[in-house]
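Examining the three-dimensional arrangement
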Amino acid sequence: MAATRSAALKIDWANLGHKLGLKGSTAQALASFKKRNDDARRKVQLLSDQPQKIDFAHYRSVLKNSAVIDDIEKQFSTFQPKKYDVQRQLKAIDAFEAQALKSAEATKGKVDAELQDLEKTLKNIETARPFEDLTVDEVVAARPDIDERVTQLVSKGRWQVPGYKEKFGDLSVL
């Protein structure tokens, strides 16, 4: 309940409608809700400040069966709220939180490394020479697999790249 109270107190009611882009009746409904929320909070505060004493004598005078009132008064006076040991759950939550933080740090490290790699690649792309200015030797040095594929095609007697004619047309008629 304390978490709910603290969350409700952190709401910036003055700017909430503006931030959400609310207009007209929706903004009025939000203002009305805020007023009802404030009134309810005030009433809860007033009631929680009052002593919570039950006047059993009043109920004995109003009701004919006072044995029921005696039984309720006896149960009320002997009532003790049950205590729960939540330490085990808190330890499990703490362990889960520690594991989540560790996982988040590992993910952050991976993301940072990938960002550095991407920044390096982007810088390489930005500073690279245009494709038209590259030589065959530079392309082969950058991608040795291209040279291996060309050697493989030539060794099989295939002098043309598959799909070249479809893409660029047949230049043999020139």
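Only a predicted model underlies this, so the values are computations on that prediction, with no experimental measurement involved.

Glancing now at the environment of Ala-31. Looking at where Ala-31 falls in the secondary structure, it is placed in helix α3 (residues 24-49). For Ala-31, a relative accessible area of 47% puts it in the partly exposed group. A sequence separation of 18 residues divides Ala-31 from Trp-13, and the C-alpha atoms of the two residues are 8.2 Å apart.

What follows is about the UniProt feature "coiled-coil region" (unreviewed entry) in the protein. In the numbering used here, UniProt assigns the "coiled-coil region" (unreviewed entry) feature to residues 101-128. Helix and strand shares over residues 101-128 are 96% and 0% respectively, and the end C-alpha atoms of the span are 40 Å apart.

A few words now on the pattern of salt bridges. For the structure on display, the rule yields 9 salt bridges. Overlapping salt bridges bring together Lys-34, Asp-38 and Arg-41 as one network.

There is a patch of nonpolar side chains on the surface, built from Ile-54, Tyr-59, Val-62, Leu-63 and Phe-76 and spanning about 470 Å² of accessible area. Relative to the elements of secondary structure, Ile-54 occurs in the loop between α3 and α4 (56-62).

Conventions adopted
- Residues numbered from 1 in each chain as written.
- Predicted model: local features only at pLDDT ≥ 70, side-chain atom pairs only at ≥ 80, totals over all residues.
- Heavy atoms only, no water.
- Helix = DSSP H or I, 4+ residues; strand = E, 2+ residues; numbered from the N terminus.
- Buried < 20%, exposed > 50% of the residue type's maximum accessible area, 1.4 Å probe, protein only.
- UniProt positions renumbered as here; feature names shortened; annotations may be inferred.
- Salt bridge = Lys/Arg side-chain N within 4 Å of Asp/Glu carboxyl O.
- Patch = residues over 30% accessible without salt bridge, like charges linked within 9 Å, V, L, I, M, F, W, Y side chains within 5 Å.
- Areas by Shrake-Rupley, 256 points an atom, 1.4 Å probe, with all protein chains shown as cover.

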